[in-house]
Amino acid sequence: MNSREAIVLPGAAYGPSAPLLMYPSSAAQARGATIRPVHWNDPARMSTLQPDERGPWVEPQVPTPTEGADTVLIGKSLGTFAASVAADRNLPAVWLTPVLTSDWVVSALKRSTAPFLLIGGTADELWDSTLARELTQYVLEVEDADHGIYVPGPLAGAAAVLGQVVTAVEQFLDDVVWR
């Protein structure tokens, strides 16, 4: 069996060790993957990026997969601008709260030949339910969840949603990526 790895791409204000990325990373690690977290170069620059600058800024920061490894990308929000890298390198991916309002992200997802899982919430203005289902058969949509995958009410609800996310990621890794 080839080695496995997960390259973890954070959001703008959501690092690779935050729960929404940590738990999917742990799912990959439990399946024998080496975790390769990315930390953005010049984080202060992120706040000044125009929408059309995000993809070109993110793309060169995505590390090259380890030769011979079965690699999956796991990205949150800003990290989903690496969908172009996934498409170019034929890598499967888990995209958490993808920026489906970006032509850069959507065009990359449309040309991707490797499978990918999209996870988003109906209260997230960057999520598009119809488009998500047109792009892939692998979708977890959380009713009333915002861009952080938080739902209204007590925090226990957000924790329960995190459980749904992890279950969807585990099933995707087991049934699609690393069968």
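Residue numbers run consecutively from 1 along every chain, following the written order of its sequence. Where local features are concerned, this predicted model is filtered to residues with pLDDT of at least 70; where side-chain atom pairs are given and counted, the filter is 80 or more; whole-chain, interface and lining totals use all residues. With hydrogens and water set aside, each side-chain value is computed from the structure's full complement of heavy atoms.

**Some words on helix α7 (residues 155-177)**
Strands here are runs of E lasting at least two residues and helices are runs of H or I lasting at least four, both read from the DSSP assignment and numbered beginning at the N terminus. Given the number of residues in a helix, its expected span is that number minus one, multiplied by 1.5 Å. The end-to-end C-alpha distance of α7 is 31 Å, a good match for the 33 Å that 23 residues give at a rise of 1.5 Å each. The classification of residues rests on relative accessible area computed with a 1.4 Å probe and restricted to protein chains. Under 20% of the type maximum is buried, over 50% is exposed, and intermediate values are partly exposed. For α7, the complete set of buried residues consists of A158, V161, L162, V165, V166, A168, V169, F172, L173, V176 and V177. By definition in these notes, contact holds between two residues if any of their heavy atoms fall within 4.5 Å. Buried positions along α7 lie against α1 (19-30), β3 (70-76), β4 (93-96), β5 (116-121) and β6 (139-142).

**Description of the sheet that holds β4**
Pairing is parallel in the open sheet, where six strands are placed in the order β2-β1-β3-β4-β5-β6. Edge positions in the open sheet fall to β2 (33-37) and β6, since each of these has one partner strand only. In this sheet, neighbouring strand axes are inclined to one another by 15° on average, regardless of whether the strands run parallel or antiparallel. By the bridge criterion, four bridges tie β3 to β4 in an arrangement that is parallel. Residue pairing across strands places G75 opposite W95, the latter belonging to β4. Most of the contacts of α7 go to β5, to which it runs at about 170°, and overall it touches β3, β4, β5 and β6. Here, any two strands with at least 2 DSSP bridges between them count as paired. Axes here refer to lines fitted to C-alpha atoms; in helices the fit is confined to the stretch in contact. Angles between the N-to-C directions go from 0 to 180 degrees.

**A closer look at the pattern of salt bridges**
Salt bridges are identified by distance alone: a Lys or Arg side-chain nitrogen within 4 Å of an Asp or Glu carboxyl oxygen. Scanning all chains against the criterion turns up five salt bridges. With a closest N to O distance of 3.8 Å, E170 and R31 form a salt bridge. Of this pair, E170 sits in helix α7 while R31 sits in the loop between α1 and β2, and the two are 139 residues apart along the sequence. Owing to a relative accessible area of 28%, E170 belongs among the partly exposed residues under this scheme. Counted as one network, the salt bridges with shared partners bring together R31, E170 and D174.

**Observations regarding the pairing of strand β1 (residues 4-9)**
Burial within β1 is extensive, with six of its six residues counted as buried. Of the two faces of β1, the one carrying R4, A6 and V8 and the one carrying E5, I7 and L9 are both buried. Pairing analysis gives five bridges linking β1 to β2, with the strands arranged parallel. Bridge pairing in β2 places A6 opposite I35. The sheet contact formed by β1 and β3 spans six bridges and is parallel. Each bridged residue has a counterpart across the sheet, and for I7 the counterpart in β3 is L73.

**Observations regarding the side chain of R4**
Looking at the element boundaries, R4 is found in strand β1. Here R4 occupies a buried position and makes no salt bridge, while the nearest side chain of opposite charge, D70, is found at 5.1 Å. Two N or O atoms form a polar contact when they lie within 3.5 Å of each other; inside protein one atom must be a possible hydrogen donor and the other a possible acceptor, and for residues adjacent in sequence the pair counts only when both atoms belong to side chains. Among the polar contacts made by the side chain of R4, one reaches the main-chain carbonyl oxygen of R31 at a distance of 2.8 Å. Once residues lying within four places of it in the same chain are set aside, the contact partners of R4 are R31, G32, A33, T34, D70 and W178. Two residue types count as positive, namely Lys and Arg, and two as negative, namely Asp and Glu; His and chain ends fall outside the count.

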